[in-house]
Amino acid sequence: MSDQTDAVVDRYGRFARDEAPGRSALYEEWARGIAEDRRVAALIARIRDTRRQPPLVFAVSRLLGAPESGFASWAEWVRAHIEDLVVGCESRSIQTNEPLRCAALLPALSAVDGPIALLEVGASAGLCLYPDRYSYRYETPDGVVAVDPAGGESPVLLRASWRGNMPRLRLPEVVWRAGIDLNPLDPRDAATRRWLTALVWPGESGRAERIERALDIAAADPPLLRAGDAADGAIGELAALAPTGATLVVTTPGVLAHVPRARRGLVIDAARAAGTWITLDDPGLHDGWNAPIDPATWPAGRFALSRDGEVLAAVDPLGGFVEWRADAAASAS
């Protein structure tokens, strides 16, 4: 158990130092407290290592009623409810369903000839399957660029900063929406709403409300969601159900990090074989890029947006920033 406790101290210390600052002061305090209190760290070590990521443990604890207050109060709750926390973490996984990622996906989708059949890997409740139902406001140095559905501004308004040239942006014509997930969530289910909002870190202003409004859109017109492993043929099986005459687009926004490295290539190959592949990933996550990404020139903390392996932009992992790079790549080739 000592080795497991050491692993918890190390992991939560890194989270407090590198990941929580600027996003959640409360999660930073909780993580630092665990890293400095080996008795609490030993309790967290009772959770299986693949189920004790700080955001998962913290979200499950809040879902189960832990107080959103200082570390001392939270640690007292953990000591009283550790068995419930272990069971809760075992039955859950991080399913970040952030509709704002559509603000990063839209530039790649805009260039795909429609109508589009959209298939997402790691879809959770499918909130990134509605890029045509959301409104966008891109803040550029020259002003705000607005993109809205034909019926007017959507209740889900996605705001992102933009740098670099801007290609023509348009909402895709999505005629079919489907998703694969190891544990798909029903957007009509109240339990889904509670879990997805619990995954929002305390201090992330406006994010829970955005997710709730996107859930309303998804619940009114649910996508086709299937449980399955994308590395084991699920992409091809679901793609076979797409309507003829539609361009199939397979998206993997942020999900490949949760796929074991040895199996990521299988998912990428299946996505490319099925149709157009669009992804948001850390540049070092896989070798699916058409050309190597130079870490020396890549902005820290940014994911790569690519279409069929061609890198188009550096983006915020959750979609709040887009730096268009496709023009520079074209000039260099």
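As the structure is a computational prediction, the values presented were derived from the model and not from experiment.

Peer 1: Help me understand the sheet that holds strand β10 (residues 310-315), please; the structure alone is not making it clear to me.
Peer 2: Within a sheet, neighbouring strands are paired by backbone hydrogen bonds and run either parallel or antiparallel to one another. Strands sit in the order β3-β2-β4-β11-β10-β9-β8-β7-β1-β5-β6 across an open sheet of 11 strands; the sheet is mixed. In this open sheet, the two edge strands, each paired with only one partner strand, are β3 (143-147) and β6 (224-227). Neighbour-to-neighbour, the strand axes of the sheet open up by a mean angle of 25°, direction not taken into account. Two elements, strand β4 (residues 157-163) and strand β11 (residues 321-324), share three bridges in a ladder whose sense is parallel.

Peer 1: I keep staring at the side chain of Arg 264 and nothing clicks. Help me out?
Peer 2: Of note, Arg 264 is situated in helix α10 (residues 261-274). Despite being buried, Arg 264 has no salt bridge partner; Asp 281 is the closest side chain of opposite charge, sitting 8.0 Å away. Within the local environment of Arg 264, its side chain forms a polar contact with the backbone oxygen of Leu 256, the two atoms lying 3.0 Å apart. Ignoring anything within four residues of it in the chain, the contact list for Arg 264 reads Leu 256, Ala 257, Val 259 and Leu 285.

Peer 1: How should I be thinking about the nonpolar core in this particular structure?
Peer 2: A general feature of soluble globular proteins is that nonpolar side chains tend to end up buried together. In terms of nonpolar packing, the biggest core is built from 80 residues, with Ile 34, Ile 44, Phe 58, Trp 74, Leu 85, Tyr 134 and Tyr 136 touching the most fellow members. No other element matches helix α5 (residues 71-90), which puts eight residues into this core. Among residues more than four places away in sequence, those in contact with Phe 58 are Tyr 12, Phe 15, Tyr 27, Trp 30, Ala 31, Ile 34 and Trp 74. With 24 residues, the next largest nonpolar core counts Leu 119, Val 121, Ala 246 and Ala 271 among its residues.

Peer 1: I would appreciate a short explanation of the packing of helix α1 (residues 2-19) against helix α4 (residues 54-63) in the present structure.
Peer 2: The packing of two helices is summarised by the inter-axis angle and the distance between the axes. Where α1 contacts α4, the two axes come as close as 10 Å, and the packing angle between them is 90°. Considering the angle they form, α1 stands roughly perpendicular to α4. Each of Arg 11, Tyr 12 and Phe 15 in α1 lies in contact with α4, whose residues at this interface are Pro 54, Pro 55, Val 57 and Phe 58. Residue composition of the contact of α1 with α4, grouped by class: six nonpolar, no polar and one charged.

Cut-offs applied
- Residues numbered from 1 in each chain as written.
- Predicted model: local features only at pLDDT ≥ 70, side-chain atom pairs only at ≥ 80, totals over all residues.
- Heavy atoms only, no water.
- Pairing = 2+ DSSP bridges.
- Helix = DSSP H or I, 4+ residues; strand = E, 2+ residues; numbered from the N terminus.
- Axes fitted to C-alpha atoms, helices over the stretch in contact; angles between N-to-C directions.
- Buried < 20%, exposed > 50% of the residue type's maximum accessible area, 1.4 Å probe, protein only.
- Lys, Arg positive; Asp, Glu negative; His and termini not counted.
- Salt bridge = Lys/Arg side-chain N within 4 Å of Asp/Glu carboxyl O.
- Polar contact = N/O pair within 3.5 Å; in protein donor to acceptor, adjacent residues only side chain to side chain.
- Contact = heavy atoms within 4.5 Å.
- Core = buried A, V, L, I, M, F, W, Y, C linked by side-chain atoms within 4.5 Å.
- Parallel < 35°, antiparallel > 145°, perpendicular 65-115°, else oblique.
- Nonpolar A, V, L, I, M, F, W, Y, C, P; charged D, E, K, R; others polar.

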